[in-house]
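One-letter residues, chain by chain:
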Amino acid sequence: MQNSRETIIIRTSIIGILANIALASFKAFAGLFSHSIAIILDAVNNLTDALSSLVTIIGTKLAGKPADKQHPFGHGRAEYLSAMVISVIILYAGFTSLVESVKKIISPQTPDYSKSTLIVVSAAIIIKFLLGIFVKATGKKVNSDSLTASGQDAFMDSMISLTTFIAAIVFIYFNISLESYLGLLISFVILKSGFETLRETLSKILGERINAEISHSVKKTITSVEPEINGAFDLVLNNYGPDKHLGSVHIEIPDTWTADKIDMVSRKITQTVYEKHNIIVTAVGIYSINTKHNSAAQIREKVWNIVHEHKDILQMHGFFIDEANKIMRFDIIVSFDSPDMHIMYNHVVDDVKQAFPDYDIQVQFDFDISD
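Read on for a plain summary of the structure. Quantities reported herein were computed from a predicted structural model and do not represent experimental measurements. Here the residue index of a chain counts from 1 through its sequence in written order. With the structure being a predicted model, the display of local features is reserved for residues of pLDDT at least 70 and the display and counting of side-chain atom pairs for 80 or more, all residues being used for whole-chain, interface and lining totals. Excluding hydrogens and water, the side-chain values take into account all heavy atoms of the structure.

Looking now at the overall build of the protein. Under the DSSP-based scheme used, a helix requires at least four consecutive residues in state H or I and a strand at least two consecutive residues in state E, with every element numbered from the N terminus. Scanning the protein from N- to C-terminus turns up ten helices and six strands. With the principal axes as the frame, the protein shows a C-alpha extent of 90 × 45 × 35 Å. With 371 residues in all, the protein has 48% of them scored as buried. Should any heavy atoms of two residues lie within 4.5 Å, those residues are considered in contact. Taking the contacts inside the protein whose residues are at least 6 apart along the sequence as the reference set, 71% of them involve residues at least 24 apart. For accessible areas, the Shrake-Rupley method is used with a probe of radius 1.4 Å. Any residue's cover is judged against the shown protein chains and nothing else. When the accessible area of the protein is evaluated, it comes to approximately 19,500 Å², of which 62% is carbon and sulfur surface. When charges are counted, Lys and Arg contribute as positive and Asp and Glu as negative, whereas His and the chain ends are disregarded. By convention, the charge on Lys lies at NZ, on Arg at CZ, on Asp at CG and on Glu at CD. Taken together, the 32 basic and 39 acidic charged side chains of the protein have centroids lying 8 Å from each other. For each residue, the accessible area found with a 1.4 Å probe, counting protein chains only, is set against the maximum for its type, and the residue is called buried under 20%, exposed over 50%, and partly exposed in between.

What follows deals with unusual backbone geometry. Non-glycine residue Asp234 carries a positive phi angle of around 55°. Among the secondary structure elements, Asp234 is positioned in strand β1 (residues 231-239). Unlike most non-glycine residues, Asn278 shows phi in positive territory, near 60°. Tracing the backbone shows Asn278 in the loop between α8 (259-277) and β3 (279-289).

Now for the pattern of salt bridges. Whenever a carboxyl oxygen of Asp or Glu lies within 4 Å of a side-chain nitrogen of Lys or Arg, that contact is scored as a salt bridge. Under the definition given, this model contains six salt bridges. With its nearest N and O atoms 3.1 Å apart, the salt bridge here joins Arg267 to Asp263. With Arg267 and Asp263 both in helix α8, this residue pair falls four residues apart, about one helical turn. By relative accessible area, Asp263 is classed as partly exposed at 38%.

Attention shifts here to the side chain of Thr56. With respect to the element layout, Thr56 can be found in helix α2 (residues 37-63). For Thr56, a relative accessible area of 1% puts it in the buried group. Setting aside anything within four residues of it in sequence, one finds Thr56 in contact with Ile9, Ser13, Ile86, Ser146, Leu147 and Ser150.

Where empty space is left in the structure can be found by rolling a water-sized probe over the atoms. Buriedness for pockets is judged along seven lines, at least five of which must meet protein on both sides within 12 Å for an open set on the 1 Å grid over protein atoms alone, while cavities are sets there where a 1.4 Å probe fits but cannot get out, and lining residues have an atom within 4 Å of a point. Grid points are joined across faces, edges and corners, and a volume is the space filled by probe spheres set on the points. Its boundaries defined by the atoms lining it, the largest pocket holds a volume of some 1,200 Å³. Forming the boundary of the largest pocket are 44 residues, of which Tyr80, Asn143, Asp145, Lys204 and Glu208 lie nearest the centre. If you list the elements that add at least two residues to the lining of the largest pocket, you get α3 (78-106), α4 (115-141), α5 (145-174), α6 (179-206) and β1. The element contributing the most residues to the lining of the largest pocket is α6, with ten residues. Here the lining of the largest pocket is built from residues that sort into 16 nonpolar, 15 polar and 13 charged. Each residue is assigned to one of three groups, with Ala, Val, Leu, Ile, Met, Phe, Trp, Tyr, Cys and Pro labelled nonpolar, Asp, Glu, Lys and Arg labelled charged, and all others, Gly among them, labelled polar.

Proteins that are soluble and globular tend to have nonpolar side chains buried together. As used in this record, nonpolar core signifies buried Ala, Val, Leu, Ile, Met, Phe, Trp, Tyr and Cys residues forming a set joined through side-chain atoms within 4.5 Å. Of all hydrophobic cores here, the largest spans 23 residues; its most connected members are Val303, Val307, Met328, Phe330, Ile332, Val352 and Phe356. Counting only elements with at least two residues in this core, the list comes to α9 (295-307), β4 (313-322), β5 (327-334), α10 (341-355) and β6 (360-367). Looking at this core element by element, the count peaks at six residues for α10. Discounting chain neighbours no more than four positions away, the residues touching Phe330 are Val303, Val307, Met316, His317, Gly318, Phe319, Val352, Ile361, Gln362, Val363 and Gln364. Val218, Ile251, Val265 and Ile279 belong to the second largest nonpolar core, which has 19 residues in total.

Attention shifts here to the packing of helix α7 (residues 212-224) against α8. Axis angles are defined between N-to-C directions and span 0 to 180 degrees, where every axis is a line fitted to C-alpha atoms and, for a helix, only to the segment in contact. Packing of α7 against α8 leaves a shortest axis separation of 9 Å and a crossing angle of 140°. Judged on the interaxial angle alone, α8 and α7 are oblique. At the point where α7 passes α8, the crossing takes the right-handed sense. Counting all contacts with α7, which are made through Ser217, Val218, Thr221 and Ile222, the residues of α8 involved are Ile269, Thr272, Val273, Lys276 and His277. Oblique is the label for any angle not under 35 degrees, not over 145, and not in the 65 to 115 range, which are roughly parallel, roughly antiparallel and roughly perpendicular in turn. Two helices cross in a left-handed way if the nearer one is turned anticlockwise from the farther one by less than a right angle. They cross in a right-handed way if the turn is clockwise.

Residue placement: Thr110 occurs in the loop between α3 and α4. Taking C-alpha positions, Thr110 is 8.9 Å from Ser34, a pair spaced 76 residues apart along the chain. When near neighbours in sequence (up to four residues on either side) are disregarded, Thr110 contacts His35 and Phe171.

Structure (structure tokens):
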């Protein structure tokens, strides 16, 4: 599957390189011939797009390298680095365009549009629009940030070419030159695209929360493995590149399960999750549920009510009572929206201790990392 994905990304990028080089050549000729700064900048932008596609190919090849001793989880994150390089290229193109546009505003040059120039620009609009749709759709299909960014950039280019075409029509019929100001607008559009791409890529490198849909789906798969699994919690997925996640989870099970059953179910969970979601579960932790004391359920309900009196507590799980040693333990998830998460945690612990003074209250502080 990885080879197929890599092939699709490389093939799509090569199509983008060839198309952009051809467009840049025609636009450069038309821009120089007509003295149009907007068309020349559009040509430069096409060259940066070709370079972006080349970076995508290099990043994909690096990401496809197998795991080794130094990088046991593979090289998948190289794709995020390539997307970051693309964003820097886009920003450089935008800054260069901005400088040239300001120069032309200070020292304007009257354009000289011809019929052939308009044909080149109109053809570029259609080609870049179709290329943008194709590359972006392919990027989403194979989950490639680099391709998606390139596709969005191509779509923006078609809009830029459209404004260039409109400016040419305005000059021909009304003798009003919008060239330099249009170049300025193009520069800001390019810079905006670069900043957005950089921000999204850095966010993924830093580590984003699990997609809620994926989290729900994985937890549903886990609880379906064995009817006695009461719930799946604390799902942590670490991203090692597009379509490559490793993580861990806790499950609530009866306190009567034997070690061999826990081992069997844990192995079945890892296998099933990998088959259905292509996610590697590296560890399955357990929370035991009281089955030997009838009072446990009543106490749990009382504690649950105390905990959820606090609006910033999203969930309580892993509840267990050791009656012999008077120990009560459970986990709570505190919302990131809480003004002070640790103060909220202490309030909950104090309230439970006040209601059950005879117990050693052991509460684990959990973050809202998934759904």
